[in-house]
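One letter stands for each residue in the lines below.
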Amino acid sequence: RLARAYFHAGERDSAAPLAQRVLESNPNQREACEVACPLLLDRGDFNTALALLIRCLIHHRSDPSKILSDLVCTAMRRCSVNQLLLVLAPDGGVPEPDQQSSIAEVIAYMGLILKENSVMVEACQHYHKAVLFSPTNGSLCLNLMHTYALRRDDLRALSFGARYFASLGCSAAAGQRINACVHGTEVDVEQCDKVSISLHDFANETSFYDTMAVGFVMLKLLYLAHPHRELVDMRELDEGVPQKELQWQQRLAEVDVEQAPSSSRVATLLDGRWLFAMEGEESAKVAEAAVDSSTGAERHRDVLSSLCDVLDESRKGHDLHKTPVRNEHAYFSCIREIVKRQWSSPIDRSVPLVRMFAVGDSHVLSSAWQTLDLTVTGQDSSCQHVVVPRLVTGAKLWHLQPKSKFYTKFAFWEQISSLPKGAPILLILGEIDCRDGVLKAVQKGRYSSVEAALSSLVELYVRLVQEVRARLPTSPIFVHPVPNVLPETRFLTIVFNRLLAEPVARSGFAKANAKVLEFASVFDKGDPPAEMDALALSKLKLLPELQLDGTHMSPNYVESHLGPALRQVY
């Protein structure tokens, strides 16, 4: 520790001999390795530095990964995964077939540490190499897909999911069905009728769960990437006009999965026209994108429905909400309910259409690709907005504070940085904090009470919105209340929303020129009194038209609650 203190103070001449003496007696001492590795790299001795890193990593493999973060991140920012591979497989960096799986696990573990500390390009490169060595490992594929998606590189994420199912030896018929519907190729309907991914085809439950999760993530990526409904009325188009192929399928066919991730380019599934800069003829350009996407909406919806059919058949008899893939399953459950039906009618093609970007947690699913009439009383022309979803999976306000290095913070700012300047933004955050954060923080003694924890959370939200304003100075910003859907957390979400609406919070948001939305009651008997206890709050019934999957509101809320709240402040 003294050696590390000297090193961080810039006294390398004092740190080096101390670290060397420690390593001579204990070659796996972590703090000494943290000093020795960068010193060796400074000398150009990459092989020795990486060998020391690997040895320390293996020795401490049972320890929490966060204690190894400084060691791994410092080294792998300066070394490539190919240099690491030359140490793991000295014979030209090409491991023997019987070593590929174990080497893949080591590389992927380093990828995990890099991802958790938002060293995202290097994390992708590690997971990518690991999956190439172990292509049938569902866990590695799933982690690669998640890491790609954090960078908005979701076209490559989808390509690896499709590749995984194409090579799946277990439940081959289901894998072929999934791969075929994603690529838009013909499939024998009779042979694939009611096919499913079967637990009995896998060596263990974990492999089955990972495979299901890969499918769930593919569905989520596709749901977010393209409208699943007609945005504009297409009935007046001349008959015989050729329908365009799905753009994302064309681009998927061109992906080279062997190509390593780079820092300079990402490949999004989303049609780039939805993200172009706000300039001049925005309405005309959005209208063009809306018409093209509406032309392919039915085919895209068929892809989503086919994926849902296979995955729904596969999950029968399994309580996936109680497994390690419960989060991926929750997304599936929500999307499945949404794609079952058309929630609103398309708008007339003559009506100007502009974009509003919903940035936040899974509750962006409910408003995704819905249209909002934000025509204000007294305004001559109609003002329609299409809600473009920009998901930050697992986003907690706690992880978005300045001191955090967590990967959801990286993903949030990636989404913000991708938005066209001047475009309206709808922030949907805070629900996961209420569900999985506030009570734990109080139990750990970080706060004296639940209300103190919630007040601190609101302060974090205000500071976050002020930072968003600094980066997007001309965009209208709207703060969405936390949905009061989950009965178990209503005693937290209702208080959180009340705190958002109090003068202190409003003043903070106002400094960022951001508006807090206030919804009409979502309960069948109106808003509850402030003194109602947690048990009584949990028994309140959501309005029937807002019910969906037990966690999210139905898309009906866009017209009944979101639209009116926006019109009050727009």
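Check the entry above for the structure.
Quick caveat, the model's predicted, so the values are computed rather than measured.

All right, on to the overall build of the protein chain then. In terms of helices and strands, the protein chain carries 26 helices and 6 strands. The C-alpha atoms of the protein chain give 25 Å as radius of gyration, which agrees with the globular expectation for 570 residues (25 Å, within 12%). The C-alpha extent of the protein chain, read off along each of the three principal axes, is 80 × 60 × 50 Å. Across the 570 residues of the protein chain, 55% fall into the buried class. When contacts within the protein chain are restricted to residue pairs at least 6 apart in sequence, those whose partners lie at least 24 apart make up 73%. Total accessible area computed for the protein chain in this model is approximately 25400 Å², and 48% of it derives from carbon and sulfur atoms.

Running from N to C, helix H10 (residues 154-166) and helix H11 (residues 172-183) point in directions that differ by 145°, and their axes come no closer than 8 Å. For the pair H10 and H11, the crossing hand works out as left-handed. In contact with Leu158, Ala162, Phe165 and Ala166 of H10, H11 contributes Gly175, Gln176, Ile178, Asn179, Val182 and His183. Across the contact of H10 with H11, the residue classes break down as 6 nonpolar, 4 polar and no charged.

For the rest of this paragraph, the subject is the pattern of salt bridges. For the structure shown, the criterion picks out 19 salt bridges. Residue Lys396 is joined to Asp436 by a salt bridge in which the shortest nitrogen-to-oxygen separation is 3.7 Å. Here Asp436 lies in the loop between helix H20 (431-435) and helix H21 (438-443) and Lys396 lies in the loop between strand S3 (384-391) and helix H19 (407-418), a separation of 40 residues in the sequence. Overall, Lys396 belongs to the buried group, its relative accessible area being 15%. Between Lys440 and Asp436 there is a salt bridge; the shortest N-O distance is 2.7 Å.

Our next topic: the side chain of Asp210. Inspection of the secondary structure assignment puts Asp210 in helix H13 (residues 205-225). No salt bridge is formed by the buried Asp210; the nearest opposite charge belongs to Arg326, separated by 11 Å. Not counting the four nearest positions on each side in its chain, Asp210 is found in contact with Gly138, Ser139 and Leu142.

Together, Lys66, Lys403, Lys444 and Arg446 make up a positively charged patch on the protein surface. Counting through the fold element by element, Lys403 comes out in the loop between S3 and H19.

Once that is clear, we can look at the pairing of strand S4 (residues 425-428). With burial as the criterion, each face of S4 is covered, one bearing Ile425 and Leu427 and the other bearing Leu426 and Ile428. Bridge analysis of strand S1 (residues 353-360) against S4 gives 4 bridges, and the strand direction is parallel. Following the sheet pairing, Phe357 is matched in S4 by Ile425. Relative to strand S5 (residues 477-479), S4 is paired through 3 bridges, and the arrangement is parallel. What sits directly across from Ile425, in S5, is Ile477.

The next thing to look at is the packing of aromatic side chains. Enumeration over the complete set of coordinates arrives at 12 aromatic pairs. Where Phe412 meets Trp413, the ring centres are 5.0 Å apart and the plane angle is 80°; that geometry is what we call edge-to-face. Pair check on accessibility: Phe412 and Trp413 agree, each one buried. Geometry around Tyr331 places Lys220 over its ring, the cationic atom sitting 4.4 Å from the centre. In this arrangement the basic side chain of Arg341 is found over the ring face of Trp343, its NZ or CZ atom lying 4.0 Å from the centre.

With respect to the secondary-structure elements, Leu426 resides in strand S4. On the basis of relative accessible area, Leu426 is assigned to the buried category, the value being 0%. Separated by 36 residues in sequence, Leu426 and Arg390 place their C-alpha atoms 9.8 Å apart. Leu426 has contacts with Met356, Phe357, Ala358, Val359, Phe478, His480, Leu517 and Leu562, leaving out every residue within four places of it along the chain.

This part takes up the sheet that holds S4. Taken together, 6 strands build an open sheet; the order of strands is S2-S3-S1-S4-S5-S6 and the sheet is mixed. The two strands at the open ends of the sheet, each matched to only one other strand, are strand S2 (371-373) and strand S6 (514-516). Looking at each pair of strands side by side, their axes are set apart by 30° on average, direction ignored.

Right, let's get into the nonpolar core. Counting 192 residues, the largest nonpolar core has Val182, Trp274, Phe412, Tyr461, Phe496 and Phe509 as the members making the most contacts within it. Considering every element that reaches this core, the biggest residue donor is H13, with 14 residues. Excluding residues within four positions of it along the chain, Phe412 makes contact with Val359, Val392, Leu400, Leu427, Leu429, Leu464 and Val468.

It is worth spelling out unusual backbone geometry at this point. Positioned with a positive phi, Ser118 is a non-glycine residue whose angle comes to about 60°. Residue placement: Ser118 occurs in the loop between helix H7 (100-116) and helix H8 (120-133). Unusually for a residue other than glycine, Asn513 sits at a positive phi of about 55°. Tracing the backbone through its elements, the reader meets Asn513 in the loop between helix H24 (503-511) and S6.

Cut-offs applied
Residues numbered from 1 in each chain as written. Predicted model: local features only at pLDDT ≥ 70, side-chain atom pairs only at ≥ 80, totals over all residues. Heavy atoms only, no water. Helix = DSSP H or I, 4+ residues; strand = E, 2+ residues; numbered from the N terminus. Rg over C-alpha atoms; globule rule 2.2 N^0.38 Å. Buried < 20%, exposed > 50% of the residue type's maximum accessible area, 1.4 Å probe, protein only. Contact = heavy atoms within 4.5 Å. Areas by Shrake-Rupley, 256 points an atom, 1.4 Å probe, with all protein chains shown as cover. Axes fitted to C-alpha atoms, helices over the stretch in contact; angles between N-to-C directions. Left-handed = near helix turned anticlockwise from the far one by under 90°. Nonpolar A, V, L, I, M, F, W, Y, C, P; charged D, E, K, R; others polar. Salt bridge = Lys/Arg side-chain N within 4 Å of Asp/Glu carboxyl O. Lys, Arg positive; Asp, Glu negative; His and termini not counted. Patch = residues over 30% accessible without salt bridge, like charges linked within 9 Å, V, L, I, M, F, W, Y side chains within 5 Å. Charge placed at Lys NZ, Arg CZ, Asp CG, Glu CD. Pairing = 2+ DSSP bridges. Phe/Tyr/Trp six-rings, centres within 6.5 Å; stacked < 30°, edge-to-face > 60°. Lys NZ or Arg CZ within 6 Å of the ring centre and 35° of its normal. Core = buried A, V, L, I, M, F, W, Y, C linked by side-chain atoms within 4.5 Å.

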